[in-house]
Amino acid sequence: MFCLMLEGNDPPKLRLMPTTDPEAFVNLSYLLTSLQARIRAGMAPYFSLDTPNSDEAWQVKTHGPPWIKGTDVGEVLFQADYHLK
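Residues numbered from 1 in each chain as written. Predicted model: local features only at pLDDT ≥ 70, side-chain atom pairs only at ≥ 80, totals over all residues. Heavy atoms only, no water.

Student: Tell me about the environment of methionine 1, and please be specific about residues and values.
Tutor: Position of methionine 1 among the secondary structure elements: in the segment before strand S1 (2-7). Judged by relative accessible area, which is 47%, methionine 1 ranks as partly exposed. Placed 33 residues apart in sequence, methionine 1 and serine 34 show a C-alpha to C-alpha distance of 18 Å. Residues within four places of methionine 1 in sequence aside, it is in contact with Met17, Pro18, Thr19, Thr20, Asp21, Pro22 and Phe25. (Helix = DSSP H or I, 4+ residues; strand = E, 2+ residues; numbered from the N terminus. Buried < 20%, exposed > 50% of the residue type's maximum accessible area, 1.4 Å probe, protein only. Contact = heavy atoms within 4.5 Å.)

Student: Can you lay out the packing of aromatic side chains for me, pointing to particular residues and giving the numbers?
Tutor: Applying the stated rule across the entire model yields two aromatic pairs. Note on phenylalanine 47 and phenylalanine 78: the rings are 5.3 Å apart at their centroids and 90 degrees apart in plane angle, and the pair reads as edge-to-face. One end of the pair, phenylalanine 47, is in strand S3 (residues 46-50); the other, phenylalanine 78, is in helix H2 (residues 72-84), with 31 residues separating them in the sequence. Relative accessible area serves as the criterion here: at 17%, phenylalanine 78 is assigned to the buried category. (Phe/Tyr/Trp six-rings, centres within 6.5 Å; stacked < 30°, edge-to-face > 60°.)

Student: Which residues make up H2, and what values go with them?
Tutor: Here H2 is 13 residues long and its end C-alpha atoms lie 18 Å apart, about the 18 Å a rise of 1.5 Å per residue gives. Of all the positions in H2, only Val73, Gly74, Phe78 and Asp81 are classed as buried. One side of H2 holds all its buried residues, which, seen down the axis, span an arc of 135 degrees. Buried positions along H2 lie against helix H1 (28-41), S3 and strand S4 (60-64). (Expected span 1.5 Å × (residues − 1). Arc of directions from axis to C-beta.)

The following block contains the structure:
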């Protein structure tokens, strides 16, 4: 298990450090996919499950950027949005 540690201030550096604390744990797959979205698409990954029109019962899945659909991050964002609605 790993955590992120910020050190220094000119400029600050972010380091991966081993940890035994499950509350400090960072899922490296989620981190790398999120960083790729930020670098390649210039945006944070997102997901939205919405009805396009208020009078319609069906819903549309929107992933951003579109390539996160089918990734672990896309699935986590979908599950979170689904359970919060």
